[in-house]
Amino acid sequence: MKTYALYLESGPKKQRSMVHVLDLLGCIAKGSTTDAAIANTPDAIRAYLKFLKRHAADPIELGGEFKTKIVEHVMEGQWLGNGDPALVFQFDLKPIALKEIETYLQHLEWSRAEVIKLVSSLTHAQLEKEPGNKQRPIRIMLEHMLESEYFYLSSCLGPIEGLPATGSIVRKREGDLLQWMSHVRSIEVGRLQGLTPDERSKSIEHWKQTWTARKMFRRMLEHEWEHLIELADRLGKKI
């Protein structure tokens, strides 16, 4: 039986927790407590496996049973339980192989395609609508996705040729937002495909945070998946 290793981050007194399923990089589960996040994890794993099956050429078994095992639990940090960008698991410190990069870039392509499919038919009014429940408009969410992804990448690799400085990727966008997201992603992918052996293995300090190529890919995949789930829920769609 397959056992998925779980990596947890929890806020004070185990409130507001996030589970990272690093065997399925990008898969996360959240909860208002650590116990709730762990309880939500099996369904999160099944949802991510379904996502992979929709796109993968090789068949993926969905009906089999599996187990989970907590292997690391971080409870010290400033923004734990929300996908803390400063968080570093032991997993993040391992060099990343070229084959893994190829796989992760493919998964990013699939998740971005599903995001675009969800929002491409929305009107301007729908993109700008204030939900009224402390959620941000969908356009603001998309801009947040774009800005955060570029932050992860540039924190690890520094300035990216052909793109503006960190913090201005949204402000300096050209034309339609979805087209700009596609343009930025294409430049990012080109940069990621060209990672050197040194870049694939080293750790760097940026704004008092430790970054590695593996952590960068983890946050890119997790963050887009998190908002893909949120978008589908808000629009009443199944993914």
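This one's a predicted model, so the numbers in the text were calculated from it and none came from an experiment.

*Asks:* Got a minute to help me understand unusual backbone geometry in this structure?
*Replies:* A positive phi angle, near 45 degrees, is found at Arg16, a position not held by glycine. For Arg16, a relative accessible area of 35% puts it in the partly exposed group. Although it is not a glycine, Trp207 sits at a positive phi angle of roughly 55 degrees. Structurally, Trp207 can be placed in the loop between strand 5 (204–206) and strand 6 (209–211). Taking the relative accessible area as the measure of exposure, Trp207 reaches 65% and is therefore exposed.

*Asks:* So what exactly am I meant to see when it comes to the sheet that holds strand 1 (residues 2–10) here?
*Replies:* Two orientations exist for strands paired in a sheet by backbone hydrogen bonds: parallel and antiparallel. Taken in spatial order, the four strands make up an open sheet running 3-2-1-4, and their pairing is mixed. Each edge of the open sheet carries a strand with a single partner, namely strand 3 (27–33) and strand 4 (66–74). The mean angle between the axes of side-by-side strands here comes to 25 degrees, regardless of whether they run parallel or antiparallel. Pairing of strand 1 with strand 2 (residues 15–21), which is carried by five bridges, proceeds in the antiparallel orientation. Looking at the pairing, Leu8 lines up with Val19 of strand 2. Contacts from helix 1 (residues 34–55) reach strand 1, strand 2, strand 3 and strand 4, with the element oriented near 155 degrees to strand 3. In the packing of helix 7 (residues 213–234) onto the sheet, contacts are made with strand 2 and strand 3, and the angle to strand 3 comes to roughly 65 degrees.

Reading the values: the criteria
Residue positions are counted from 1 within each chain, in the order its sequence is given. Reporting in this predicted model follows two pLDDT cut-offs: at least 70 for local features of residues, and 80 or more for side-chain atom pairs to be given and counted; totals over whole chains, interfaces and linings ignore these cut-offs and use all residues. The basis for every side-chain value is the complete set of non-hydrogen atoms in the structure, without hydrogens or water. Type-normalised accessible area, obtained with a 1.4 Å probe on protein chains alone, sets the label of each residue: buried when under 20%, exposed when over 50%, and partly exposed for intermediate values. What counts as a helix is a DSSP run of H or I of at least four residues, what counts as a strand is a run of E of at least two, and both are numbered from the N terminus. A pair of strands counts as paired when DSSP detects no fewer than two bridges linking them. The angle between two axes is taken between their N-to-C directions and runs from 0 to 180 degrees, where each axis is a line fitted to C-alpha atoms and a helix contributes only its stretch in contact. Residue contacts are defined here by distance: any two heavy atoms, one from each residue, within 4.5 Å place the two residues in contact.

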